[in-house]
Amino acid sequence: MKFNRRSVLALTAASAATTLFAPAGRSRAAAPFKQPELPYSEGALAPAISARTVGLHYGKHHAGYFKKLNTLVEKTPYADLSLEEVVVRSKKQGDTDIFNNAAQAWNHNLYWQQFKGGSAAPKGALLDAVKTSFGGLDDMQKKMVAEGDKVFGTGWVWLVKDGDKLTIVGLQDAGTPLADGKKALVGIDVWEHAYYLDYENRRPEHVAAVLSKLVNWDYVSEQFAG
């Protein structure tokens, strides 16, 4: 096959586009995006979160975000990106429908994973950061409960790594620290589908129960150190 100047330029442009869309240091995950399996039984989080809530939350809402996302990105450049890249790029491009579904898919991946292995206390560098940033675990959890209660309507409350310290942010709807280039360590869903069957309108009670009874802080410690 002969290459003239025009073909070389075309190949160079294609290569640049691939580099732009490809994640650094890892293989590219192409659509259709697949919802990860729930890492425990639907009843494993009870009584803090009931099996019925988990079944609806994971099986209907979370699954629905993946289904809608795959429909939206079909035959678009987004189909060649990892889920994380879709979240970041769609936010920058203002592709709201794609962002909402990609972010919710990613948010829930983290949400379910943070409970795997059961509750455990923070330790090591994470514990030091908790003490430096908030004074202690109880104070941090109280701040997260309060921030979660401030989120108007639907959204999330996040524990975010900020250098060697931690911050807490409440974001509406599908808001995620990932879209702003920050590392989310813990995400508590404060959409009503996450808690209403179990807590009705008592959102702070739900957030407090999840933080104190379900979050595996050993897992969070690993994420903080990584």
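Residues numbered from 1 in each chain as written. Predicted model: local features only at pLDDT ≥ 70, side-chain atom pairs only at ≥ 80, totals over all residues. Heavy atoms only, no water.

Trainee: Talk me through the pattern of salt bridges; I want residue IDs and the actual numbers.
Mentor: Taken as a whole, this structure holds 4 salt bridges when the rule is applied. The salt bridge involving Lys91 is made with Asp180; its shortest N-O contact spans 4.0 Å. Separated by 89 residues along the polypeptide, Lys91 in helix α3 (residues 83–93) and Asp180 in the loop between β2 (165–172) and β3 (183–189) bring together distant segments of the chain. Here Lys91 falls in the partly exposed class, since its relative accessible area comes to 40%. In this structure, Arg202 engages Glu200 in a salt bridge whose closest nitrogen and oxygen atoms are separated by 3.8 Å. (Salt bridge = Lys/Arg side-chain N within 4 Å of Asp/Glu carboxyl O. Helix = DSSP H or I, 4+ residues; strand = E, 2+ residues; numbered from the N terminus. Buried < 20%, exposed > 50% of the residue type's maximum accessible area, 1.4 Å probe, protein only.)

Trainee: Provide a residue-level description of the packing of aromatic side chains, including the pertinent values.
Mentor: One pass over the full model with this rule turns up 6 aromatic pairs. With a centroid separation of 6.0 Å and 80 degrees between ring planes, the pair formed by Tyr58 and Trp112 is classed as edge-to-face. Placement of Tyr58 in helix α2 (residues 51–73) and of Trp112 in helix α4 (residues 96–113) is noted, with a sequence separation of 54 residues between them. On the accessibility criterion, Tyr58 (15% relative accessible area) is buried. For Trp112, a relative accessible area of 3% gives the class buried. Seen in terms of ring centroids, Tyr111 and Trp156 are 5.9 Å apart; in terms of plane orientation they differ by 85 degrees. Their pairing is edge-to-face. Here Tyr111 is found in helix α4, whereas its partner Trp156 is found in strand β1 (residues 155–162), with 45 residues between them in sequence. Each residue in the set Tyr58, Tyr111, Trp112, Phe115, Trp156 and Trp158 is aromatic and connected to the rest through ring pairs, giving one cluster. It is Lys161 that lies over the ring of Phe224; its NZ or CZ is 4.8 Å from the centre. (Phe/Tyr/Trp six-rings, centres within 6.5 Å; stacked < 30°, edge-to-face > 60°. Lys NZ or Arg CZ within 6 Å of the ring centre and 35° of its normal.)

Trainee: Could you give me a rundown of the pairing of β1, with the residues and numbers involved?
Mentor: Counting buried positions along β1 gives 6 out of 8 residues, so the element sits mostly inside the fold. Taken together, the 8 bridges between β1 and β2 define a ladder with antiparallel strand orientation. Considered in β2, the bridge of Val157 is made with Gly170. Connecting β1 to the next strand, β2, in antiparallel fashion are 2 residues, including Gly163 with a positive phi near 70 degrees. (Pairing = 2+ DSSP bridges.)

Trainee: An account of the side chain of Gln104 is requested, with residue identities and associated values reported.
Mentor: Relative to the helices and strands, Gln104 is located in helix α4. Here Gln104 falls in the buried class, since its relative accessible area comes to 1%. Reaching out from Gln104, the side chain makes a polar contact with the side chain of Asn107 at a distance of 3.3 Å. When neighbours within four sequence positions are excluded, Gln104 is seen to be in contact with His62, Tyr65, Phe99, Trp156, Asp173, Ala174 and Trp191. (Polar contact = N/O pair within 3.5 Å; in protein donor to acceptor, adjacent residues only side chain to side chain. Contact = heavy atoms within 4.5 Å.)

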